[in-house]
Amino acid sequence: MGIGIFQQLKSGLSRAHKGFVGKLDSLFTRSRKLDEEMFEQLEEILIESDIGPRMSGRILGDLRTAVKTNKVSDSAGLKALLQAEMIKLLKSPPAWNHNSDGPTIILIIGINGVGKTTTIAKLANHFLKQKKKVLLAAGDTFRAAAIDQLKIWAERLGVDCIAHQDGSDAAAVCFDAVTAAKARQVDILIIDTAGRLHTKAHLVEELKKIKRSIQKVEEGAPHETLLVLDATTGQNGLLQAQVFYREVDTSGLILTKMDGTAKGGVALTVSNELSLPIRFIGLGEKIDDLTDFNPREFITALFEA
Ligand SMILES: Nc1nc2c(ncn2[C@@H]2O[C@H](COP(=O)(O)OP(=O)(O)OP(=O)(O)O)[C@@H](O)[C@H]2O)c(=O)[nH]1
Ligand SMILES: [Mg+2]
């Protein structure tokens, strides 16, 4: 891992570090003995850090066993075991579903305000750095100004953006965008979508319609459908988002605003409860504030930040 990326992770996770590891350290100063009372307080800290009760219970169970097997008797040893346990629970994302015969099409979904459009700009920047040819599509035709927001990013990044007028049919924009992506031989097409429509049912229906229209041009697309979640929402909100998007096939998650949360555990909860890999995390509002997700780097940075 590049030292730059690790530093970026550490500074982006500094609030989460203070919140979570700060609590751990103060517990370990208070109670040096690894007794039942200490384990109970540890479980409380995990729950307060947005690791759900179920996962916290599981972590505690594994920790108790590991403490015995490894004959750990001090808090430093326990902290190391906890760190290892958290890395284990965050499964590494599987290989990216890359389209070798044409554009890789990434559909970005998520409720309003979670950071979809900003993340699309960050992703475009990420792929541009890998010398990929990138195209954007303004599939949020519902919210006034959404199209302009994406166009401005596209201009700044020097990439093209396929857009129709406000209020036009999002599925038609996506159809045009995939057609253009193929004709222009782009490597990556990233599609923005609305986070709010008249009703949730409309939104789900629109996303399904968008997928159908993409598939009319490119079979097997979209290659990745990434659900964007705001890490500051708290785990209940995040799990609600999942219920909402259950009907839309999703291949992975992007957790935004990790810089804004003091509860680092949210990553563990969402990827486990939703059984989806986290692909990227957002660490700020700037274009470079996005990193690939890697469990070991993430947890190490959280513990060390
Ligand atoms: N601190 C922080 N802010 C972020 C991050 N990602 C996005 N934001 C901010 O979140 C706000 C909403 O971002 P948008 O990209 O407009 O969100 P959206 O999901 O496209 O919103 P809608 O189009 O309304 O559905 C903006 O102020 C972004 O700057 C992040 O990783 N960290
Ligand atoms: Mg948007």
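Since the model is a prediction, treat every value here as computed from it, not as a measurement.

(A) Looking closely at the nonpolar core. Within the largest apolar cluster, 90 residues are counted, with the highest numbers of intra-cluster contacts made by C174, L189 and I190. The element contributing the most residues to this core is helix α8 (residues 170–183), with eight residues. Viewed by domain, this core spans two of them, domain 1 (3–89) and domain 2 (104–294), each represented by three or more residues. Ignoring any residue separated from it by four or fewer positions in sequence, one finds C174 in contact with A137, G139, I191, I210, S213 and I214.

(B) Layout of the packing of α8 against helix α9 (residues 200–217). As a packed pair, α8 and α9 sit with axes 8 Å apart at the nearest point and diverge in direction by 30°. Taken together, the axes of α8 and α9 are roughly parallel relative to one another. Crossing of α8 over α9 shows right-handed handedness. Contact residues: A170, A171, C174, F175, V178, T179 and K182 in α8; E206, K209, I210, S213, I214, K216 and V217 in α9. Class assignment for the residues of the contact of α8 with α9 results in eight nonpolar, two polar and four charged.

(C) Examining the sheet that holds strand β1 (residues 104–109) more closely. Within the open sheet, the eight strands sit side by side as β3-β2-β4-β1-β5-β6-β7-β8. Their pairing is mixed. Since the sheet does not close on itself, it has two edges, and those belong to β3 (160–162) and β8 (290–292), each with one partner. Each strand of the sheet is rotated relative to its neighbour by a mean of 25°, with strand direction disregarded. Where strand β7 (residues 278–282) meets β8, three bridges bridge the pair, whose relative direction is antiparallel. Counterpart to G282 in the pairing with β8 is L290.

(D) The domain arrangement of the protein, seen in detail. Partitioning the protein into domains gives domain 1 (3–89) and domain 2 (104–294). The C-alpha centroid of domain 2 is placed 33 Å from the C-alpha centroid of domain 1. Across the boundary between the two partners, domain 1 contributes 18 residues, which contact 19 residues of domain 2. If you list the elements that add at least two residues to the side of domain 1 that touches domain 2, you get α1 (3–12), α2 (14–30) and α5 (75–89). Each residue belonging to the side of domain 1 that touches domain 2 can be placed in one class, and the counts come to 10 nonpolar, five polar and three charged.

(E) Here's a closer look at the site of ligand 1. Around ligand 1, the surrounding shell holds 21 residues, and the nearest of these are G115, K116, T118, G195 and G282. Here the shell around ligand 1 gets three residues from one element, more than from any other, and that element is helix α6 (residues 116–129). A class-by-class count of the residues in the shell around ligand 1 yields three nonpolar, 11 polar and seven charged.

(F) Local environment of helix α7 (residues 146–157). For α7, built from 12 residues, the straight-helix expectation of 16 Å at 1.5 Å per residue is met to within 8% by its first-to-last C-alpha distance of 17 Å. Taken as a whole, α7 has its buried residues at A146, I147, L150, W153 and A154. End-on view of α7: buried residues confined to an arc of 130°, all on one side of the axis. Turned more than 90 degrees away from the buried face of α7, the exposed residues are D148, E155 and R156. In this structure, the buried side of α7 is in contact with α6, β2 (134–139), β3 and β4 (188–193). At the C-terminal side of α7, G158 shows a positive phi close to 75°.

What counts and what doesn't
- Residues numbered from 1 in each chain as written.
- Chains lettered and ligands numbered in written order.
- Predicted model: local features only at pLDDT ≥ 70, side-chain atom pairs only at ≥ 80, totals over all residues.
- Core = buried A, V, L, I, M, F, W, Y, C linked by C-beta atoms within 7 Å.
- Buried ≥ 20, exposed ≤ 12 C-beta atoms within 10 Å, placed from the backbone.
- Helix = DSSP H or I, 4+ residues; strand = E, 2+ residues; numbered from the N terminus.
- Domains from an automatic or database assignment.
- Contact = placed C-beta atoms within 7 Å.
- Axes fitted to C-alpha atoms, helices over the stretch in contact; angles between N-to-C directions.
- Parallel < 35°, antiparallel > 145°, perpendicular 65-115°, else oblique.
- Left-handed = near helix turned anticlockwise from the far one by under 90°.
- Nonpolar A, V, L, I, M, F, W, Y, C, P; charged D, E, K, R; others polar.
- Pairing = 2+ DSSP bridges.
- Near = placed C-beta within 6 Å.
- Expected span 1.5 Å × (residues − 1).
- Arc of directions from axis to C-beta.

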